[in-house]
Amino acid sequence: MDSALDYWSARALLEWQIELGATEALADAPVNRYDLQVAAPKPAKPTAPEILRPQEIDPVAEAKALAAKAMDLQQLRVLMERFEHCDLKKGARNLVFSDGTPGARVMIIGEAPGRDEDLQGKPFIGRAGQLLDRMLGAIDLSRSDNVYITNVLPWRPPQNRDPLPIEINMMVPFLERHVALAKPDVLVLMGNISCQAVLGKRGITRMRGNWDQAWEKPVLPMFHPAYLLRQPNQKRQAWADLLELKACLV
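I will try to describe carefully the structure that is included in this document. (Residues numbered from 1 in each chain as written. Predicted model: local features only at pLDDT ≥ 70, side-chain atom pairs only at ≥ 80, totals over all residues. Heavy atoms only, no water.)

**Some remarks on the packing of helix H7 (residues 165–182) against helix H8 (residues 192–199)**
The packing of two helices is summarised by the inter-axis angle and the distance between the axes.
At step 1: Packing of H7 against H8 brings their axes to within 10 Å, and their N-to-C directions diverge by 70°. Taken together, H7 and H8 sit at an angle that is classed as roughly perpendicular. Handedness of the H7/H8 crossing: right-handed. Taken together, the residues of H8 that come into contact with H7 (itself represented by Ile168, Val172 and Leu175) are Ile193, Gln196, Ala197 and Val198.
At step 2: Looking at the contact of H7 with H8 residue by residue, the classes come out as six nonpolar, one polar and no charged. (Axes fitted to C-alpha atoms, helices over the stretch in contact; angles between N-to-C directions. Helix = DSSP H or I, 4+ residues; strand = E, 2+ residues; numbered from the N terminus. Parallel < 35°, antiparallel > 145°, perpendicular 65-115°, else oblique. Left-handed = near helix turned anticlockwise from the far one by under 90°. Contact = heavy atoms within 4.5 Å. Nonpolar A, V, L, I, M, F, W, Y, C, P; charged D, E, K, R; others polar.)

**Comments concerning the pairing of strand E4 (residues 186–190)**
The side chains of a regular strand alternate, residue by residue, between the two faces of the sheet.
At step 1: Among the five residues in E4, five count as buried, and that is most of the element.
At step 2: Residue alternation in E4 divides its side chains into two sets, Val186, Val188 and Met190 and Leu187 and Leu189, and both sets are buried.
At step 3: In this structure, strand E2 (residues 106–110) lies alongside E4, joined through four bridges in parallel fashion. Across the sheet, residue Ile109 finds its bridge partner in E4, namely Leu189.
At step 4: Bridge analysis of E4 against strand E6 (residues 217–222) gives four bridges, and the strand direction is parallel. Note on E6: the bridge partner recorded for Leu187 is Val219. (Buried < 20%, exposed > 50% of the residue type's maximum accessible area, 1.4 Å probe, protein only. Pairing = 2+ DSSP bridges.)

**Here we look at the pattern of salt bridges**
At step 1: Under the criterion given, the structure shown has eleven salt bridges.
At step 2: Among the salt bridges present, the one from Glu84 reaches Lys89, with a minimum N-O distance of 2.9 Å.
At step 3: Owing to a relative accessible area of 23%, Lys89 belongs among the partly exposed residues under this scheme.
At step 4: Here Asp212 ties to Lys201 by a salt bridge, and the two come within 3.1 Å at their closest N and O atoms. In this pair, Asp212 is assigned in strand E5 (residues 212–214) and Lys201 in the loop between H8 and helix H9 (204–207), connecting sequence segments eleven residues apart.
At step 5: By relative accessible area, Asp212 is classed as partly exposed at 25%. (Salt bridge = Lys/Arg side-chain N within 4 Å of Asp/Glu carboxyl O.)

**A short note on the sheet that holds strand E3 (residues 147–151)**
At step 1: What the six strands build is an open sheet, ordered E1-E3-E2-E4-E6-E5; its pairing is mixed. The sheet terminates laterally at strand E1 (99–100) and E5, the two strands that pair on one side only.
At step 2: Across the sheet, helix H11 (residues 235–249) is in contact with E2, E4 and E6; its angle to E6 comes to roughly 165°.

**A short note on empty space enclosed by the protein**
At step 1: The final tally for this structure, using the stated rule, is one cavity of 30 Å³ or more.
At step 2: Lining the largest cavity are Met80, Val96, Phe97, Thr150, Asn151, Val152, Leu153, Pro154, Met171, Phe174, Leu175 and His178.
At step 3: The element that contributes the greatest number of residues to the lining of the largest cavity is H7, accounting for four residues.
At step 4: Here the residues of the lining of the largest cavity are counted per class, giving nine nonpolar, three polar and no charged. (1 Å grid on protein atoms, 1.4 Å probe; cavity = no way out; pocket = protein on both sides within 12 Å on 5 of 7 lines; lining within 4 Å. Points joined across faces, edges and corners; volume = space filled by probe spheres on them.)

**Regarding the layout of surface pockets**
At step 1: Counted as a void, the largest pocket has a volume near 740 Å³.
At step 2: What lines the largest pocket is a set of 29 residues, and nearest its centre among them are Glu111, Ala112, His224, Ala226 and Arg230.
At step 3: Sort the elements by how many residues they give to the lining of the largest pocket and helix H10 (residues 225–230) lands first, with four residues.
At step 4: Along the lines of polarity and charge, the residues of the lining of the largest pocket split into twelve nonpolar, eight polar and nine charged.

**Some details on the pairing of E3**
At step 1: With five of five residues buried, E3 is to be regarded as a mostly interior element.
At step 2: Judged by which residues are buried, E3 turns out to be covered on both faces: Val147, Ile149 and Asn151 on one side and Tyr148 and Thr150 on the other are all buried.
At step 3: Inspection of the sheet shows E1 paired to E3 by two bridges, in the antiparallel sense. Pairing of Asp99 across the sheet is with Ile149, part of E3.
At step 4: Where E2 lies against E3, five bridges are found, and the strand directions are parallel. Counted as the bridge partner of Ile109 is Thr150 from E3.

The values reported here are purely geometric and, on their own, carry no functional implication.
Printed below as a string of structure tokens:
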């Protein structure tokens, strides 16, 4: 017997069930809704290829490694010229390494080259350098006989701005090696930048004239000659500091 319903009979039965309140259709077989359905495993996400990033370079560590290779002052200069991590080098005309007498008892450390120093490649050449020469001459010292001079930074900062901390930090290893190779008896730090690089602190007005110690050397902070040109009333304190230096050398 054929039990299949025609379209109109099936529709009449469906409408009748709706009138009775039926709200959902049921399958022919009973459904056990207490059984947990096992979810189909999700496809694994494709693994992104590992990106190889360039290793970051520590300019301070590079400077330490390079400076340690210098066996004399000439070799130190060559290695500093090869150092490529200080952007000041890109805008400078010359590397300003040193002036004066290597091996002298007094080593003066300035801050950074100015315009005249950048042009000539020597530290303390401009007006501040001329004042420094007169100051040294007042206590029977000179760069031609018994004074050696360098700077914290060998390249001129643009517009003579103050050096940035990162620029100071990356050049300190070269400066420390410079002192070790020059072998002075006394270090004279002129200005805040020099004190920051060698002593790790600033405040030249408070520090000047007070002896300190760094790199196994006695250290005397003093006003920078450029500051004395702007503040001539401070020359009295500078003269007292010079007398301290002279007494130390006796």
